[in-house]
Amino acid sequence: MNQILSTNSGKKAKEPLSIKTITRIFAVIIILFGMILVGQGSWAMFSGEESTEEQASVPVVQMVQEGNSLKVTVQHDKAIDRIVYSLNGGQEVVLQGRGRTQIEESIPLEIGDNTIYLTVSDLSGKEVSYDGTYFVEEGDTTPPQIELILEDGRVKISAKDETQIAYISYYWNSEDETRLEARAESPTLIEERLSVLKGENTLTVVAVDTAGNETTEVQTYKGAVKPQISLSRDGDELIIKVTDEENIQKIEFTLNGIFYSTDPNNTGTPLNMKEVEIRQKLNVGTNTITVKAYNVSGLTQEGTGEVTVE
C-alpha cells in the first residue's frame, strides 16, 4: 500500500532570547569596555609621569655677577658630563664634570657689556643652553677679601684688596667697633690679631676699599684658657699635675726618652676631668721630662723640667 507522508521542509522558527541572557551579554560588554578604559588611563598616567620626570631632570644654572667676575653655579640630579662656555664670542672653555652634580666657576668679566653662552650636558645626553649679558663699569668694582684664622686662642684678621684697601673695622658681639686705617707701606693689606674672649662670642669684621666696595665677615668663636701644668717631686716620684677650666682632652709626656699618653690609641675620647695628677717613678741620676696637655677646645700647654735623684 502506498502511503503518503506529509513532511514540513521549512526551517524551524527561532525562539527569542530570554531577558536573563540578554542582561548577561550586556554586562560582559560593559566589563570589557571598562577594562579598556582603565588600561588606557593607566598608560596615560604612566606616560605622563615619565614625561614630567624627564622634563624636571634638567641641569639648573645660576649666574651671579660679583664685581668684575661672574659666579656660575650648575646643579643637577645626575652626573654632569661637561660645561662649555664662551665669553663675547671668544674661544670656548670646557669644564669636565668628572661625575659631579654641582660645579662652581668664577669667570672674569671685561669692562663694558659681556655676553656669555653656556651649554651643560649630563652623562645621559641631556643638554641645555643658557646665555646672558652682564655689564661692568670702569673702575674698581671688586670688594676686598677677608680671611679669619684661629691661631692658638687668637684670631688673625687678614683683609686685602687688589687695588687699595681703605680700612677695616671689627667688634665683638654688640660692642663698639674698632677701626684700623691702611698704612702707606701696605696699601693693599691690613692684618690684626685679636685674643678670643672667654665663652661664646661673635666677631664681625668689615673691610672697605678706596672705591667704596665693602665686605663683611661674621664668625662665632668659643674662647677658652690653656691648660695649666705643674711639676713637682715626692721622693723618687715625679708628680705631674694638669688643670683646666673646662675639660682635659689628654696628657702626653716624655720621661727620659720614653713616651707616655693618656690616649695611646688616639681614640679622641676626653678625660672628662678638670684636674689630673700623674705619679711617675724617677731613675737615679738626671731625669728629663716634657709634658704637653690638651683641652677639649683645642688649646695646648707644654712644660719641661729636669730632676736629679741621688
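Attention in this report is confined to the structure presented alongside it. Keep in mind that what you see is a predicted model, and the values were worked out from it rather than measured. (Residues numbered from 1 in each chain as written. Predicted model: local features only at pLDDT ≥ 70, side-chain atom pairs only at ≥ 80, totals over all residues. Heavy atoms only, no water.)

## Quick notes on the overall build of the protein chain
Alright, step 1. A tally of helices and strands in the protein chain yields one helix and 21 strands.
Alright, step 2. Within the span of the protein chain, comprising 310 residues, buried residues form 31% of the whole.
Alright, step 3. Counting only contacts in the protein chain whose residues sit at least 6 apart along the sequence, the fraction spanning at least 24 positions is 56%.
Alright, step 4. When the accessible surface of the protein chain is split by element, carbon and sulfur atoms take 50% of a total near 20,500 Å². (Helix = DSSP H or I, 4+ residues; strand = E, 2+ residues; numbered from the N terminus. Buried < 20%, exposed > 50% of the residue type's maximum accessible area, 1.4 Å probe, protein only. Contact = heavy atoms within 4.5 Å. Areas by Shrake-Rupley, 256 points an atom, 1.4 Å probe, with all protein chains shown as cover.)

## As for the sheet that holds strand β21 (residues 300–309)
Alright, step 1. Reading across from one edge, β18-β17-β20-β21 is the order of the four strands in this open sheet, with antiparallel pairing throughout. The open sheet is flanked by β18 (258–261) and β21, the only strands paired with a single partner. Geometrically, the sheet is characterised by an average inter-axis angle of 15 degrees between neighbouring strands, direction not taken into account.
Alright, step 2. Pairing analysis gives seven bridges linking strand β17 (residues 248–255) to strand β20 (residues 285–295), with the strands arranged antiparallel. If you follow leucine 255 over to β20, its bridge partner there is isoleucine 289. (Pairing = 2+ DSSP bridges. Axes fitted to C-alpha atoms, helices over the stretch in contact; angles between N-to-C directions.)

## What about the side chain of aspartate 122?
Alright, step 1. Examined against the element boundaries, aspartate 122 turns out to sit in strand β6 (residues 112–122).
Alright, step 2. No salt bridge is formed by the buried aspartate 122. Its closest oppositely charged neighbour is lysine 78, at 5.5 Å.
Alright, step 3. Of note is the side chain of aspartate 122, whose polar atom sits 2.8 Å from the side chain of histidine 76.
Alright, step 4. Apart from the residues within four sequence positions on either side, aspartate 122 is in contact with His76, Lys78, Ala79, Ile80 and Asp81. (Lys, Arg positive; Asp, Glu negative; His and termini not counted. Salt bridge = Lys/Arg side-chain N within 4 Å of Asp/Glu carboxyl O. Polar contact = N/O pair within 3.5 Å; in protein donor to acceptor, adjacent residues only side chain to side chain.)

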